[in-house]
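Residue-level listing of the chains:
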Amino acid sequence: MLLRMLFLALLMPAVLAQTTPLPQRPVLMLQPQLAEIIAEDATLEILAEGFSWSEGPIAEPGSGDIVFSDVPENKVYRWNEHAGLTLFLQPSGYTGLHPENNRQQGANGLIFNADKQLVIAQHGDRRLALFTGMQEGVPQYQTLAMRYNDKLFSSPNDVVQHSSGAYYFTDPPYGLAGGDASPDKQQPVNGVYRLAPDGTVTLLVTQLTRPNGLAFSADGKWLYVANSDRAAAQWWRYPLQVDGSVAEGELFLDATAQAQQQRGLPDGLKVLPSGVLLATGPGGVWVISPDGAHLGTIQTGVASANVALSADNRWLYITATHYLLRIALKPQ
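Bringing the nonpolar core into the picture now. Ranked by internal contacts, the top residues of the largest apolar core, which has 24 residues, are Ile-38, Leu-278, Ile-298, Leu-316, Ile-318 and Ile-327. Elements that contribute at least two residues to this core include exactly β23 (284–288), β24 (294–299), β25 (306–309), β26 (315–320) and β27 (323–328). Every residue in contact with Ile-38, bar those within four places of it in the chain, is listed here: Val-27, Ile-298, Ile-327, Ala-328, Leu-329 and Lys-330.

And the structure:
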């Protein structure tokens, strides 16, 4: 009996961590401008749960379904307003390529491109890939980019598409066993890259320690990049040039102090037509003005990885550890 009681005592913190209720009043207002974006009494809705690490949500054009990753489980799910949760892709990001020192993790960031095709940042297969359909129940993928300077990427993490058709993506070492110290890490930096429509890959940013989520500003002049490093928990922005490259970046907002006290780091982000950023960070989702002011936080109680907007910008979807969440925004 004593051994059983000791076992339960050790188990209890883990159980509580999984069952801790979400904040009943999640909206933390720091600046009055936040009231124009989200109501102070808005509440979080749990749409699905039970994931190992939910990531990369995106609204599918037309259907409005939310497609998102469970990275450690090598799966992509689909959530529908009427049908609920269904498994969409398995495997999603590791199909057996490059098995050495590979954590065999699945898809991370997802987007639907200009042709409404699903583009995937595949951690395990170390590539940017296009989902081309199912063959006998098995997802099929086409490689868009796997190497720079004839060396493999580490583990592409997030991706966006520019109006020119070019893809911009980040490549931190999270998918490699050992990370930066992995003997199979071939790229000397954790970079931000551009994949041109003609297939040319260009390295754009080299100074960030953990480049992660990224997004374009509403006016198309800036590329925002989140740095998911507890010692440098920051958002940076880079001026976009006519040729698709970027000029020297500038620090947009620093959350390093908050990252020492709260769960979560700068990770995924989206931008409203007004230019306001909705960016996961310490404590939940930070709402950031176009000039870099922290207006408030949508507190999630657990680490939040990424966000997606509905087509009409009325709903914000949040992947937060083992949850898929939703919260209503005000009409923009």
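Attention now moves to the pairing of strand β19 (residues 234–239). Counting buried residues in β19 gives five out of six residues, a clear majority hidden from the surface. Bridge analysis of strand β18 (residues 222–227) against β19 gives six bridges, and the strand direction is antiparallel. Of the residues in β19, the one forming a bridge with Tyr-224 is Arg-237. What sits between the antiparallel neighbours β18 and β19 is a turn of six residues. Across four bridges, the pairing between β19 and strand β20 (residues 250–254) is antiparallel. Paired with Trp-236 across the strands is Leu-251, a residue of β20.

All right, on to the environment of Leu-295 then. Examined against the element boundaries, Leu-295 turns out to sit in strand β24. Residue classification places Leu-295 among the buried residues on the basis of a relative accessible area of 2%. Between the C-alpha atoms of Leu-295 and Ile-37, which are 258 residues apart in sequence, the distance is 9.8 Å. Those residues in contact with Leu-295 that sit more than four places away from it in its chain are Leu-28, Met-29, Leu-30, Gln-31, Gln-33, Leu-34, Ile-37, Val-287 and Ser-289.

Enumeration over the complete set of coordinates arrives at eight salt bridges. For Arg-127, the salt bridge goes to Asp-125, with nearest N and O atoms at 3.3 Å. Salt-bridge contacts for Asp-180 lead to Lys-185; the nearest nitrogen and oxygen are separated by 3.8 Å. Judged by its relative accessible area of 41%, Asp-180 falls in the partly exposed class. Because the salt bridges share partners, they merge into one network encompassing Glu-45, Glu-81 and Arg-326.

Low pLDDT means the predicted coordinates in that region are not meant to be read closely. The share of residues in the protein chain with pLDDT of 70 or more is 94%, and the mean pLDDT across the chain is 94. Low confidence marks residues 1–18, where pLDDT is under 50. Its contacts with residues over four positions away, or in another chain, come to three contacts.

Before going further, it helps to spend a moment on the sheet that holds β19. Backbone-to-backbone hydrogen bonds join strands into a sheet, with any given pair of strands oriented parallel or antiparallel. On the basis of which strands lie adjacent, the open sheet formed by four strands has the order β17-β18-β19-β20 and antiparallel pairing. Every interior strand has two partners, whereas the edge strands, β17 (211–216) and β20, have only one. Strand after strand, the sheet turns through a mean of 25° between neighbouring axes, direction not considered. Inspection of the sheet shows β17 paired to β18 by four bridges, in the antiparallel sense.

Conventions adopted
- Residues numbered from 1 in each chain as written.
- Predicted model: local features only at pLDDT ≥ 70, side-chain atom pairs only at ≥ 80, totals over all residues.
- Heavy atoms only, no water.
- Core = buried A, V, L, I, M, F, W, Y, C linked by side-chain atoms within 4.5 Å.
- Buried < 20%, exposed > 50% of the residue type's maximum accessible area, 1.4 Å probe, protein only.
- Helix = DSSP H or I, 4+ residues; strand = E, 2+ residues; numbered from the N terminus.
- Contact = heavy atoms within 4.5 Å.
- Pairing = 2+ DSSP bridges.
- Salt bridge = Lys/Arg side-chain N within 4 Å of Asp/Glu carboxyl O.
- pLDDT = per-residue confidence, 0-100.
- Axes fitted to C-alpha atoms, helices over the stretch in contact; angles between N-to-C directions.

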